[in-house]
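Fold and contact review
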Amino acid sequence: MELENIKKSWEELNKKLDKTEIVNQQLIKEMIVQRSQTAQEKLFKMFMLIAAVIPILMITFPFMYEEIKIGQRPMMNIATEILLSYVLFTQIKLLHYIHQMDIRQRDVTEIAYCTLMFRKWFKVRIMTGMPLALLFIAFYMFELHTTTDILKEKSFWITLIILMPIVFYTCILKFRSTFRSLKIIEKSITDIKELKKQA
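On a predicted model such as this, the values are computed, not experimentally measured, just so you know.

Cut-offs and rules
Residues numbered from 1 in each chain as written. Predicted model: local features only at pLDDT ≥ 70, side-chain atom pairs only at ≥ 80, totals over all residues. Heavy atoms only, no water. Helix = DSSP H or I, 4+ residues; strand = E, 2+ residues; numbered from the N terminus. Buried < 20%, exposed > 50% of the residue type's maximum accessible area, 1.4 Å probe, protein only. Contact = heavy atoms within 4.5 Å. Areas by Shrake-Rupley, 256 points an atom, 1.4 Å probe, with all protein chains shown as cover. Core = buried A, V, L, I, M, F, W, Y, C linked by side-chain atoms within 4.5 Å. Salt bridge = Lys/Arg side-chain N within 4 Å of Asp/Glu carboxyl O. Axes fitted to C-alpha atoms, helices over the stretch in contact; angles between N-to-C directions. Parallel < 35°, antiparallel > 145°, perpendicular 65-115°, else oblique. Nonpolar A, V, L, I, M, F, W, Y, C, P; charged D, E, K, R; others polar. 1 Å grid on protein atoms, 1.4 Å probe; cavity = no way out; pocket = protein on both sides within 12 Å on 5 of 7 lines; lining within 4 Å. Points joined across faces, edges and corners; volume = space filled by probe spheres on them.

1. Comments concerning the overall build of the protein
Within the protein one finds 4 helices and 0 strands. Mapped from its N terminus to its C terminus, the protein presents α and β elements in the order α-α-α-α. Counting every position in the protein, which comprises 199 residues, the buried fraction comes to 32%. Taking contacts inside the protein between residues at least 6 apart in sequence as the whole, the part at least 24 apart equals 79%. Entry remark: accessible area of the protein is about 14,000 Å², with carbon and sulfur atoms responsible for 69%.

2. Considering the nonpolar core
Counting 25 residues, the largest nonpolar core has Leu43, Phe47, Met101, Phe118 and Ile185 as its most contacted members. Contributions of two or more residues to this core are made by helix 1 (2-67), helix 2 (74-99), helix 3 (108-147) and helix 4 (154-198). Excluding anything up to four places from it in sequence, Leu43 contacts Ile98, Thr178, Ser181, Leu182 and Ile185. Core analysis: the next-biggest nonpolar cluster, separate from the first, contains 9 residues, Met76, Ala79, Leu83 and Phe156 among them.

3. What about the pattern of salt bridges?
It is possible for side chains of opposite charge to pair when their charged atoms get near one another. Going through the model one piece at a time under the given rule, you end up with 4 salt bridges. Between Glu30 and Arg104 there is a salt bridge whose closest N-O contact spans 2.8 Å. A residue pair is termed long-range when its members are at least 10 positions apart, and Glu30 in helix 1 and Arg104 in the loop between helix 2 and helix 3 qualify at 74 residues. For Glu30, a relative accessible area of 39% corresponds to the partly exposed category. Put simply, Glu186 and Arg119 hold a salt bridge, and the shortest N to O gap is 3.0 Å. One end of the pair, Glu186, is in helix 4; the other, Arg119, is in helix 3, and 67 residues separate them in sequence. The partly exposed category is assigned to Arg119, whose relative accessible area is 29%. Among the charged side chains, a salt-bridge network with shared partners connects Arg35, Lys187 and Asp191.

4. Thoughts on the packing of helix 2 against helix 3
Where helix 2 meets helix 3, the closest approach of the two axes is 10 Å, and the angle between their N-to-C directions is 170°. One element, helix 2, and the other, helix 3, form an angle in the roughly antiparallel class. Grouping the amino acids of the contact of helix 2 with helix 3 by side-chain chemistry returns 22 nonpolar, 5 polar and 3 charged.

5. So, the layout of surface pockets
Approximately 2,000 Å³ is the volume found for the largest pocket. In this structure, the largest pocket is lined by 44 residues; those nearest its centre are Leu83, Ala133, Ile137, Val167 and Cys171. For the lining of the largest pocket, the secondary-structure elements that each account for two or more residues are helix 1, helix 2, helix 3 and helix 4. Among the elements that make up the lining of the largest pocket, the one with the highest residue count is helix 4 (15 residues). Grouping the constituent residues of the lining of the largest pocket by class yields 36 nonpolar, 5 polar and 3 charged.

6. As for the packing of helix 3 against helix 4
Closest axis-to-axis distance for the helix 3/helix 4 pair is 10 Å, and the angle between their directions is 170°. By the angle class used here, helix 3 and helix 4 are roughly antiparallel. Residues of the contact of helix 3 with helix 4, tallied by class, amount to 17 nonpolar, 2 polar and 7 charged.

7. Notes on the environment of Leu116
Tracing the chain through its elements places Leu116 in helix 3. It is 9.3 Å that separates the C-alpha atoms of Leu116 and Tyr97, two residues lying 19 residues apart in sequence.

Below, the structure written as structure tokens:
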């Protein structure tokens, strides 16, 4: 009789432990999902802000040339619009992959594919965008040199010297933030795979 009571108590204890294990796994999974979603939302907001600014720049740049007394330069306008259109296209492509990284709506293999594609497109943008930007700056400087005397003014060079480190530092911060968020999402994918193996 006593042995039967001990067996029943043991079985009840095992059931409670199993339930506790399931609850613990669900809590861990929820924490991983929350961490991944926070990183994905942060990434999406950052890239969405840039995507929203680009069309504004595309509209205002020709007027800015007039405002800073460079005048309307058709070749400058075309070069600026081409560069900004390229940045906007790649930005929309990257936003598409960020949107697909929603861990609550997608399978981990789909998210892993999206992170891989995001990395690929981000690399393509850097590898092609940097030479394009340098070409644009060279063309821009040549156009200024041949059509205006602005390059002879000290204020232009002082402004350039002040702006270049700010732009460079902002780009570095953006890259670091982007890859930090991406690593969090990738780690979450690995953690969820591990949880599935344990279950």
